[in-house]
Amino acid sequence: RMEYSFHGQTITFSSNSSDGVLNNVGLEPWDAGYVLLALLESLGHSSLGDWKDKSVLEVGSGCGFVGLALKMGLHCRDVLCTDCDDGVLSLLRKNVEPA
């Protein structure tokens, strides 16, 4: 299990190390996701406005940690995480199901 802190929330999720094969790239968080969340964090709540009534579509969610962070940290009303690989979708479902 991995943990990431975003806007005062600890996001816990599972990932699987990629072996460099293209079909496994969705099984672990990408650096771009960390960069996006760091940018949103640096903007602060006042710059981001209220996300509670916003809906977010994340295309190519992989393990889902960005979508989880947006739901838990910014409290978006709806976050729809998508992917196309069966193995990635299995991990994504595991991560987004309520504990």
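Just so we're clear, the structure is a prediction, and the values are computed from it rather than from any experiment.

S.K.: I'd like to hear about helix 2 (residues 65-73), residue by residue, with values.
M.R.: When you tally the buried positions in helix 2, you get 7 out of 9 residues, the bulk of the element. Directly after helix 2, the chain includes H75, whose backbone phi takes a positive value near 60°.

S.K.: Let's hear about the pattern of salt bridges: which residues, and what values?
M.R.: The tally for this structure, following the rule as stated, stands at 1 salt bridge. Here R77 and D78 are joined by a salt bridge, their closest N and O atoms 3.0 Å apart. Using a relative accessible area of 46% as the deciding quantity, one classes R77 as partly exposed.

S.K.: Please give an account of the side chain of E58 that cites residues and values.
M.R.: Its place among the elements puts E58 in strand 3 (residues 55-58). For the buried E58, which has no salt bridge, the nearest side chain bearing the opposite charge is K71, at an N-O separation of 13 Å. Separated by 3.1 Å, the side chain of E58 and the backbone nitrogen of G67 make a polar contact. Among all residues touching E58, those that are not within four sequence positions of it are V66, G67, L80, C81 and T82.

S.K.: Got a sec to walk through the pairing of strand 3? Specific residues and values, please.
M.R.: Only one face of strand 3 is buried, namely the one carrying V56 and E58, since none of S55 and L57 on the opposite face is buried. Inspection of the sheet shows strand 3 paired to strand 4 (residues 78-81) by 4 bridges, in the parallel sense. Bridging across to strand 4, V56 finds its partner in V79. Following the backbone out of strand 3, through helix 2 and into the adjacent parallel strand 4, one traces a crossover that is right-handed.

Rules of the game
- Residues numbered from 1 in each chain as written.
- Predicted model: local features only at pLDDT ≥ 70, side-chain atom pairs only at ≥ 80, totals over all residues.
- Heavy atoms only, no water.
- Buried < 20%, exposed > 50% of the residue type's maximum accessible area, 1.4 Å probe, protein only.
- Helix = DSSP H or I, 4+ residues; strand = E, 2+ residues; numbered from the N terminus.
- Salt bridge = Lys/Arg side-chain N within 4 Å of Asp/Glu carboxyl O.
- Lys, Arg positive; Asp, Glu negative; His and termini not counted.
- Polar contact = N/O pair within 3.5 Å; in protein donor to acceptor, adjacent residues only side chain to side chain.
- Contact = heavy atoms within 4.5 Å.
- Pairing = 2+ DSSP bridges.
- Right-handed = clockwise from strand over helix to strand, strands pointing away.

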